[in-house]
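# Structural overview for review
These are the residues of each chain, in order.
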Amino acid sequence: MTTTRPSRFELDPPGSVSLRSAFFALWAIDLVAATLFFLVPYANELNPVTVLLYDLFGLPGVALAAVGYAGIVVTIGHYLSEPLDRLFVAAVVALYVVFVINNVILLVFRVAPITLVTM
């Protein structure tokens, strides 16, 4: 007879499929933008972890950093209880909206929106 020991942590993803889809869509856009930062001469990646992994592994290091960030967000979202998990993922989605808007505008127009605010 085998016995299973109950886990201390139960993984349960946030119930909102649209929230999770928004996170992964924005994450993918941010991944592409971060990769482009290393390919264009007028933009720089500011995240030191991403830069370190780029220095070590090249462009695959950028993807590795992005996968690591997504893994951390997904893991935290699984461990938090309802409704904190939804609030956490919603906050991350809001941050990614800001990152993606900034990064896309920087790549397309060569000017970061944050510099426009400080002018």
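The following refers to the structure shown.

Calculation criteria
- Residues numbered from 1 in each chain as written.
- Predicted model: local features only at pLDDT ≥ 70, side-chain atom pairs only at ≥ 80, totals over all residues.
- Heavy atoms only, no water.
- Axes fitted to C-alpha atoms, helices over the stretch in contact; angles between N-to-C directions.
- Helix = DSSP H or I, 4+ residues; strand = E, 2+ residues; numbered from the N terminus.
- Parallel < 35°, antiparallel > 145°, perpendicular 65-115°, else oblique.
- Contact = heavy atoms within 4.5 Å.
- Nonpolar A, V, L, I, M, F, W, Y, C, P; charged D, E, K, R; others polar.
- Phe/Tyr/Trp six-rings, centres within 6.5 Å; stacked < 30°, edge-to-face > 60°.
- Buried < 20%, exposed > 50% of the residue type's maximum accessible area, 1.4 Å probe, protein only.
- Core = buried A, V, L, I, M, F, W, Y, C linked by side-chain atoms within 4.5 Å.

With that settled, the discussion passes to the packing of helix α3 (residues 59-79) against helix α4 (residues 84-109). Running from N to C, α3 and α4 cross one another at 155°; their axes reach a closest spacing of 9 Å. As far as their axial angle goes, α4 and α3 are roughly antiparallel. Along its contact with α3, which presents Tyr69, Val73, Ile76 and Gly77, the element α4 presents Asp85, Phe88, Val92 and Tyr96. Here the contact of α3 with α4 is composed, by residue class, of six nonpolar, one polar and one charged.

For the coordinates displayed, the defined rule picks out four aromatic pairs. On the numbers, 4.0 Å between centres and 20° between planes, the contact of Phe38 with Tyr54 is stacked. Here Phe38 is found in the loop between α1 (17-37) and α2 (48-57), whereas its partner Tyr54 is found in helix α2, with 16 residues between them in sequence. Taking relative accessible area as the criterion, Phe38 reaches 19% and is therefore assigned buried. With a centroid separation of 5.9 Å and 80° between ring planes, the pair formed by Tyr96 and Phe99 is classed as edge-to-face. With Tyr96 and Phe99 both in helix α4 and three residues apart, this pair spans about one turn of that helix. Judged by relative accessible area, which is 7%, Tyr96 ranks as buried. Among the aromatic residues, those joined into a ring-pair cluster are Phe23, Phe24, Tyr96 and Phe99.

Attention now goes to the nonpolar core. Listed in full, the twelve residues of the largest apolar core are Leu19, Phe23, Leu26, Trp27, Ala66, Ala70, Val73, Val89, Val92, Val93, Tyr96 and Val100. For this core, the secondary structure elements donating two or more residues are α1, α3 and α4. Residue contributions to this core peak at five residues, all from α4. Apart from the residues lying within four places of it in its own chain, the contact partners of Val73 are Phe23, Phe88 and Val92. The next biggest cluster of nonpolar side chains, apart from the first, holds six residues, and it includes Ala43, Leu106, Leu107 and Ala112.

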